[in-house]
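Coordinates in review
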Amino acid sequence: MAIEKFITLTSTCVPLPIENVDTDQIIPARFLKATTRDGFGKNLFRDWRYDKNDQPKPEFVLNNNTWSGKILVAGRNFGSGSSREHAAWAIADYGFKTVISSFFADIFKNNALNTGILPVQVSEAYLAEIFDAIHKDPKVMLEINLENQEVTLLSTGHKEHFDINHYKKTCLLNGYDDIEFLLNLKEKIVEFENMPQSTD
């Protein structure tokens with residue numbers, strides 16, 4: 001499945017200052033019956049967003065119009081627990097393009113990248129600075145520059161570098177999934193196969 005190109009994102013943020021958010025909290029197991037990626041966003045953080053009568057909990061951040069945007073800023077150790085890729089699907093389907101945290105579970109990070117979500121891991125100090133800026137001004141903007149691998153708090157200009165696998169970076173910049181990446185190399189593969197073979 002094709003993914004959307006990711007080059008630079010400038011957006012307001014939704015703060016979720018909770019540590020150790022696992023995949024069952026991101027998308028509860030009872031909602032994993034579907035096999036396509038569509039529709040999972042409505043159940044993102046389902047048990048935190050709604051009460052037992054399916055009424056929105058006004059205190060939860062996704063139900064508060066104060067905050068909005070395409071960047072989810074989360075506490076340390078985001079995406080732990082099971083390997084379900086549906087967690088990344090739910091985040092993408094809701095409309096987030098980036099998740100920022102000071103630590104991600106490896107399996108979640110890979111699932112996010114495969115879904116077109118950019119997980120940006122920053123230092124504890126910089127994460128605290130971002131949370132503080134968001135709570136002081138819900139309209140504060142972050143810029144995520146994938147080419148330069150930098151996240152910038154635009155209100156202060158303070159930026160921090162983040163790491164990303166080179167292959168996954170190439171895929172995101174070009175909007176490739178794994179299959180499309182290989183198809184893009186088809187001409188080079190054919191050219192290589194047609195090269196005269198050495199007899200030495």
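Residues numbered from 1 in each chain as written. Predicted model: local features only at pLDDT ≥ 70, side-chain atom pairs only at ≥ 80, totals over all residues. Heavy atoms only, no water.

1. Quick look at the nonpolar core
The biggest cluster of nonpolar side chains holds 54 residues, and the ones touching the most others in it are Phe45, Phe78, Ile100, Phe108, Leu118 and Ile144. The element that contributes the greatest number of residues to this core is helix α5 (residues 124-136), accounting for 6 residues. Excluding anything up to four places from it in sequence, Ile100 contacts Ile71, Leu72, Val73, Ala74, Val120, Val122, Leu127, Ile130, Leu142, Ile144 and Val151. (Core = buried A, V, L, I, M, F, W, Y, C linked by side-chain atoms within 4.5 Å. Buried < 20%, exposed > 50% of the residue type's maximum accessible area, 1.4 Å probe, protein only. Helix = DSSP H or I, 4+ residues; strand = E, 2+ residues; numbered from the N terminus. Contact = heavy atoms within 4.5 Å.)

2. Re the packing of helix α3 (residues 86-94) against helix α4 (residues 106-115)
In contact at an axis separation of 8 Å, α3 and α4 are set at 45 degrees when each is read in the N-to-C sense. Between α3 and α4, the angle falls in the class oblique. Note on packing geometry: the crossing formed by α3 with α4 is right-handed. On α4, the residues that touch Ala87, Ala88, Trp89, Ile91 and Ala92 of α3 are Phe108, Asn111, Ala112 and Thr115. Of the residues that constitute the contact of α3 with α4, the class distribution is 7 nonpolar, 2 polar and no charged. (Axes fitted to C-alpha atoms, helices over the stretch in contact; angles between N-to-C directions. Parallel < 35°, antiparallel > 145°, perpendicular 65-115°, else oblique. Left-handed = near helix turned anticlockwise from the far one by under 90°. Nonpolar A, V, L, I, M, F, W, Y, C, P; charged D, E, K, R; others polar.)

3. Notes on the pattern of salt bridges
One pass over the structure, following the stated rule, counts 7 salt bridges. Of the charged contacts in the structure, one is a salt bridge between Arg76 and Glu124, with a shortest N-O distance of 3.2 Å. Within this pair, whereas Arg76 is found in the loop between β3 (71-74) and α3, its partner Glu124 is found in helix α5, the two being separated by 48 residues in sequence. (Salt bridge = Lys/Arg side-chain N within 4 Å of Asp/Glu carboxyl O.)

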